[in-house]
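# A structural walkthrough
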Amino acid sequence: MESRLLARMRRFRVSGIDRRPHPTQPVRLSFAQQRLWFLEQLAPGGVEYSMPFAFRASGRLDVAALESAFSGLVRRHEVLRTRFVVGADQDPVQVVEDPWAVRARIVDLTDRGAEAAEAAGLEVLAEEAARPFDLTSGRLLRLVVVRLASDAHLMAVTMHHIVADGWSTGILAKELPELYAACMAGREAQLAELPIQYADYAMWQRDQLQGEDLERQLAYWRSALAGLVPLELPTDRPRPPVRSGRGSAVDFTVPGETTAALHALAQREGATLFMLLLALFKMVLGKWSGQDDVTVGVPIAGRNRVEVEELIGFFVNTLVLRSQTFDDPRFDEFLRRVKGATLSAYEHQDMPFERLVEDLAPTRDLSRTPLVQAVFALQNATETAWQLPGVRIDPLPSETKVEKFDVTMVLSESQGGLEGSLTYSNDLFDRETVERMAGYFRTLLSAVVADPAARLGELHAVVVGQRGWVGPPAGAAGRSARPDPGEGPDQDEVEYVAPRSPVERTIAGIWGDVLDVARVGVHDNFFLLGGHSLMAARITSQLSQELGFEVTVRTLFEAQTVENLAGVLAAEHFARIRNRFGIPTPTAGD
């Protein structure tokens, strides 16, 4: 569906992305990059946004040619040689470095038996996937080759999401064979020159999203998401204060006969299969949570300009699609609502998710992602295969599952029907619970095909009648025991209390300068004052300089008022604070 929408939009859209005039100068990050940079500051050393790919290579693999091919990619795509650092104004910037030669880490296991070498090689790949990146290094691509025999290898290619996305892997898989073959033949690779580089796009995006266009986009999303509440799926365990990112997946299939019927139903209703499946997923979430106002995140490629189609880089955007079912509509009517919301969202897709979070400023909570807690995607099954001349490349399944949200459903079409995967947070759910959720979804598909004019409540009754009780096991944790930060008073209702200690005065002063607020009291909340992630990075940087020790972004997220932040810092760094402000050491008589 997305490809058809993009084709339609390109006919009316003039792009005009030019090369930046000073290629060696630092450039601000794109909005998507900025969010990943911030998340790295929030939880340094994580692998939640690493992109590991593992392969089995059968045949005579020329490792030197492979290194040369990846080095060619680094020369061709500036983003693969970009460092992400803090600029002079304390905002993150990207700095493009000279091309660097990619060198594979080679692990030779040919002295072991076949089974032992295989097991050890897979362990090497797992360890590689768990290695974090340093965003300041400029080397956010790694290559590992495990030699099992002269004609048998395992390979791992790992990139950080800040320099690549799913579309990028298709570009890499397309260009790598030509670069490899060119090295083997001693010739120049036959690849068309890129019109721009990623940093050009980042600069253009910043310049473009302002003024009337920004206000038009914001007006739509503010209206569409007014009064948004988080999705509260009943859980098997209380929601932890901080997400771990650990996940697992339940795989399932939808028979070809049911898939064909879904296609026919979507066509009759003037919708797409994507819209139909999204509507059904929202029904499951609504039933599971007991909410009739459900929001789902939908990732889109974000490449609606022709100049960026062949660039490796991070362009993905997330659309926030909301549906309400207070009136228990018929399914065909509900599908029309989902269709309308989807088309409207695509017409306003230039608003980066990260910018939307800043504007709407939902209460920050490290236990859940902002705006959306569930994600849905329908993938194109015809993905570009990784191949090299004279070598057979077979992908290996990833043993490491990461879940950035509460649940994510990904479906793809195959010759036999639909293949689905429901990934879930291990912090919240047991596998048995998610298996029931996937089973409920599959049964709901058949019920809708049989009677698309039925009301949603009637369809749910049919499914429950067939499957029996549905939902988490009795005694499930339900809502988090952690208080909802959004349940406190509005900022306007907070009584002003002046800062009392040197630390409180320092914090309040810096907050006031960065947030442009004349008076900051000890009970004021950073985010309710208008703060957002980038401001949080600036504030913690200034506090670290002023106090003489590191103040992390995570600390600010966990202690969001002046009083709480001062208390946490005083408890953790009492001696340094006492020395910094000349506070006398208490005596026995005090």
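On to the overall build of the chain, then. Across its full length, the chain holds 18 helices and 14 strands. What you see for the chain is a C-alpha radius of gyration of 26 Å, in line with the 25 Å of a compact globule of 590 residues. When its C-alpha atoms are laid out on the principal axes, the chain stretches across 80 × 65 × 55 Å. Counting every position in the chain, which comprises 590 residues, the buried fraction comes to 53%. A separation threshold of at least 6 residues defines the contact pool for the chain, and within that pool the share at least 24 residues apart is 77%. Here the chain has roughly 26100 Å² of accessible surface; of this, 50% comes from carbon and sulfur atoms. Taking the average place of the 62 positive charges on the side chains of the chain and the average place of its 79 negative ones, the gap between the two points comes to 2 Å.

It is worth spelling out the sheet that holds strand S3 (residues 82-86) at this point. If you trace the three strands from one edge of the open sheet to the other, you get S1-S4-S3, paired in antiparallel fashion. Whereas interior strands pair on both sides, the edge strands pair on one side only; in this sheet they are strand S1 (27-28) and S3. Sheet topology note: the S1/strand S4 (residues 92-96) ladder contains two bridges and is antiparallel. Along S4, the bridge assignment pairs Arg28 with Val93.

Before going further, it helps to examine the sheet that holds strand S6 (residues 141-149). With mixed pairing, five strands are arranged side by side in an open sheet as S5-S6-S7-S2-S12. The two strands at the open ends of the sheet, each matched to only one other strand, are strand S5 (105-108) and strand S12 (391-396). Taking the axes of each pair of neighbouring strands and ignoring which way they run, one obtains an average angle of 20 degrees across the sheet. Taken together, the eight bridges between S6 and strand S7 (residues 152-160) define a ladder with antiparallel strand orientation. Within S7, the position partnered with Ala149 by the bridge is Ala152. In the packing of helix H3 (residues 63-76) onto the sheet, the strands contacted are S5, S6 and S7, and the crossing angle to S6 comes to about 165 degrees. In the packing of helix H5 (residues 166-185) onto the sheet, the strands contacted are strand S2 (50-59), S7 and S12, and the crossing angle to S2 comes to about 35 degrees.

Moving on, we get to the environment of Ala385. Among the structural elements, Ala385 can be located in the loop between strand S11 (374-379) and S12. Sequence separation of Ala385 and Thr169 is 216 residues, and the distance between their C-alpha atoms is 9.7 Å.

Positive phi outside glycine occurs at Gln90, with the angle close to 75 degrees. By the secondary structure assignment, Gln90 is in the loop between S3 and S4. Since its relative accessible area comes to 16%, Gln90 is described here as buried. One non-glycine residue, Asp328, lies in positive phi territory at about 50 degrees. Within the secondary structure, Asp328 sits in the loop between strand S10 (317-324) and helix H10 (331-347).

We now examine the pairing of S10. Among the eight residues of S10, seven are classified as buried, and the element is accordingly described as predominantly covered. Examined bridge by bridge, strand S9 (residues 293-300) and S10 share eight bridges and lie antiparallel to one another. The residue of S10 that forms the bridge with Thr295 is Arg322.

Here the focus is the confidence of the model for the chain. Confidence in the prediction for the chain averages 87 pLDDT; 90% of positions are at 70 or higher. Across residues 6-14, where pLDDT falls below 50, the model places 13 contacts with residues more than four positions away in sequence or in other chains. A low-confidence stretch, residues 479-488 (pLDDT under 50), is modelled with 10 contacts involving residues beyond four sequence positions or located in other chains.

Bringing the environment of Leu515 into the picture now. Here Leu515 is to be found in helix H14 (residues 502-515). For Leu515, a relative accessible area of 11% translates into the label buried. Spatially, the C-alpha atom of Leu515 lies 8.7 Å from that of Phe526, the residues being 11 residues apart in sequence. Look past the residues within four positions of Leu515 in its chain and what remains in contact with it is Phe526, Leu529, Gly530, Gly531 and Met535.

Now for the pattern of salt bridges. Summed over all chains, the structure comprises 34 salt bridges. Where Glu118 meets Arg56, a salt bridge forms, and the shortest distance between an N and an O atom there is 2.6 Å. Linking Glu118 in helix H4 (residues 114-129) with Arg56 in strand S2, this pair joins segments that are 62 residues apart in sequence. We note a salt bridge from Arg216 to Asp213, for which the minimum N-O separation is 2.9 Å.

About the criteria used
Residues numbered from 1 in each chain as written. Predicted model: local features only at pLDDT ≥ 70, side-chain atom pairs only at ≥ 80, totals over all residues. Heavy atoms only, no water. Helix = DSSP H or I, 4+ residues; strand = E, 2+ residues; numbered from the N terminus. Rg over C-alpha atoms; globule rule 2.2 N^0.38 Å. Buried < 20%, exposed > 50% of the residue type's maximum accessible area, 1.4 Å probe, protein only. Contact = heavy atoms within 4.5 Å. Areas by Shrake-Rupley, 256 points an atom, 1.4 Å probe, with all protein chains shown as cover. Lys, Arg positive; Asp, Glu negative; His and termini not counted. Charge placed at Lys NZ, Arg CZ, Asp CG, Glu CD. Pairing = 2+ DSSP bridges. Axes fitted to C-alpha atoms, helices over the stretch in contact; angles between N-to-C directions. pLDDT = per-residue confidence, 0-100. Salt bridge = Lys/Arg side-chain N within 4 Å of Asp/Glu carboxyl O.

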